[in-house]
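Topology and contacts: notes
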Amino acid sequence: MTTARPDLDPELRELLADMPLMSRLSPEVLTQLRRLPSTPVESFLAHRQVDRREVTVPAKDGTPIPLSVFRPANSDPTTAAPCVYWMHGGGMVMGDRYSQIDIPLEWLDALGAVVISVDYRLAPEVTGTTPVDDCYQGLLWVAEHTAELGVDPARIVVAGASAGGGLTAGVTLLARDLGTPAIAAQMLICPMLDHRNTSTSSLQYSGEPGVWTREMNEFGWRCVLGDLADDEIPAYVSPALADDLTSLPTTYIDTGSAEVFRDEDADYATRIWAAGGQAELHVWAGGFHGFDALYPQARVSATARRTRTEWLARVLTPDSAA
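Calculation rules
Residues numbered from 1 in each chain as written. Predicted model: local features only at pLDDT ≥ 70, side-chain atom pairs only at ≥ 80, totals over all residues. Heavy atoms only, no water. Salt bridge = Lys/Arg side-chain N within 4 Å of Asp/Glu carboxyl O. Helix = DSSP H or I, 4+ residues; strand = E, 2+ residues; numbered from the N terminus. Buried < 20%, exposed > 50% of the residue type's maximum accessible area, 1.4 Å probe, protein only. Pairing = 2+ DSSP bridges. Right-handed = clockwise from strand over helix to strand, strands pointing away. Expected span 1.5 Å × (residues − 1). Polar contact = N/O pair within 3.5 Å; in protein donor to acceptor, adjacent residues only side chain to side chain. Phe/Tyr/Trp six-rings, centres within 6.5 Å; stacked < 30°, edge-to-face > 60°. Axes fitted to C-alpha atoms, helices over the stretch in contact; angles between N-to-C directions. Contact = heavy atoms within 4.5 Å.

**Comments concerning the pattern of salt bridges**
- As enumerated under the stated definition, the model contains 23 salt bridges in all.
- With a shortest N-O distance of 3.2 Å, glutamate 42 and arginine 52 are connected by a salt bridge. Note that glutamate 42 is positioned in helix H3 (residues 42-45) and arginine 52 in strand E1 (residues 50-58), a separation of ten residues in sequence.
- Residue class for arginine 52 comes out partly exposed when judged on its relative accessible area of 35%.
- A salt bridge links aspartate 263 to arginine 262; the nearest nitrogen and oxygen atoms lie 2.7 Å apart.
- It is possible to trace a salt-bridge network through shared partners that takes in Glu42, Arg52, Glu54, Arg97 and Asp119.

In structure tokens form, the structure reads like this:
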């Protein structure tokens, strides 16, 4: 029996009809996907006045972790800018620091933010806490170099999409527990938060081709968890496991009604509220996983992206920063 599930937004359905879809991932398919060329970052910078800088920072084991720093050109050097620290998507098995970079670059345009994107190591080549640790080490470097970067240390936002959203949540928990660095806000875009894959939405988006299915999600989690037993999985890796969601920075979470992560994302916002924290949750009707990144021209995508920017503008206004 087919599980009932929310319909796709009509405009998104029409756009998605031309995209090749699959239901499962395998090591062989992952190898093929990794060989596909990504969109050159220069195509996103061509119409912008941006100063770009490439740096590396050491991971906990000494491995160089690349960071890309984008700053509005001709910005006032005497005024410290807000910063968005970006973690890309790709199921923790694909992508690089330029993946979905057009999303935070909109905040460079609209808010004058310095955008810094981290190239964390991918599973299955690394497992366990390594990806989130890489992201955290990069964030520490940013916090330690705010004067050099022209960044306001009180206005550092962490953000990410899909796997990057899950890593953002993990980094935020890690920073809270270790007491540093200060994070002004976290933005979780369709975040990958729960390795258990047992929610209603996970079951709804199973067995048929899609942008990101339950089976594909299981593959990504198997890659990153490696040999960890269930009772050994840290909440920094699978943030839905966190028992304590107190003392988190103000949080933005969005997801689609027609995607596998819908319920775990809504649940995370609910638990932040239950812990006395502040979260803004948007569930975009008819949105599939990553809809606004794949098809930013769609009306619901434009609304979702504009709403995030408006939220960030409120958070990053000094007199109202939470």
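**Thoughts on the pairing of strand E7 (residues 250-256)**
- Along E7, seven of the seven residues are buried, which leaves the element largely enclosed by surrounding structure.
- Residues Thr250, Tyr252, Asp254 and Gly256 point to one face of E7 and Thr251, Ile253 and Thr255 to the other, with burial holding for every one of them.
- Sheet topology note: the strand E6 (residues 185-189)/E7 ladder contains five bridges and is parallel. Opposite isoleucine 189, over in E7, you have aspartate 254 as the bridge partner.
- In the sheet, E7 pairs with strand E8 (residues 279-284) via six bridges, with the strands oriented parallel. In the sheet register, threonine 251 faces E8, and the bridge partner there is alanine 279.
- You can see the chain leave E7, run along helix H10 (residues 262-274) and come back into E8, and the turn it takes is right-handed.

**Thoughts on helix H12 (residues 299-316)**
- With 18 residues, H12 should cover 26 Å at 1.5 Å per step; its first-to-last C-alpha distance of 26 Å lies within 8% of that length.
- Regarding H12, the residues found buried are Val300, Ser301, Ala304, Arg305, Thr307, Arg308, Thr309, Trp311, Leu312, Val315 and Leu316.

**Overview of the environment of valine 50**
- Among the secondary structure elements, valine 50 is positioned in strand E1.
- In this structure the C-alpha to C-alpha distance between valine 50 and aspartate 119, which are 69 residues apart in sequence, comes to 20 Å.

**A short note on the side chain of threonine 251**
- Residue placement: threonine 251 occurs in strand E7.
- At a separation of 2.9 Å, a polar atom in the side chain of threonine 251 contacts the side chain of glutamine 186.
- A polar contact is formed between the side chain of threonine 251 and the backbone oxygen of proline 249, at a distance of 2.8 Å.

**Some words on the packing of aromatic side chains**
- Scanning the model with the defined rule gives three aromatic pairs in all.
- Seen in terms of ring centroids, tyrosine 252 and tryptophan 311 are 5.2 Å apart; in terms of plane orientation they differ by 55°. Their pairing is tilted. With a gap of 59 residues between them, tyrosine 252 in strand E7 and tryptophan 311 in helix H12 connect regions that are remote in the sequence. With respect to class, tyrosine 252 is no different from tryptophan 311; both count as buried.
- Considering the side-chain rings of phenylalanine 288 and tyrosine 295, the 6.3 Å spacing of their centres and the 85° angle between planes classify their relative orientation as edge-to-face. The residues phenylalanine 288 and tyrosine 295 share a single accessibility class, namely buried.

**Some words on the sheet that holds E7**
- The strand order across the open sheet built from eight strands is E1-E2-E4-E3-E5-E6-E7-E8, with neighbouring strands paired in mixed fashion. Taken across any chain shown, the strands that pair with only one partner, and hence form the sheet edges, are E1 and E8. Recorded for the sheet is a direction-independent mean angle of 15° between the axes of neighbouring strands.
- As paired strands, strand E2 (residues 64-72) and strand E4 (residues 114-118) are joined by four bridges and run antiparallel to one another. When the bridges of E4 are listed, serine 68 appears paired with serine 117.
- Most of the contacts of helix H4 (residues 102-111) go to strand E3 (residues 81-87), to which it runs at about 175°, and overall it touches E1, E2, E3, E4, strand E5 (151-161) and E6.

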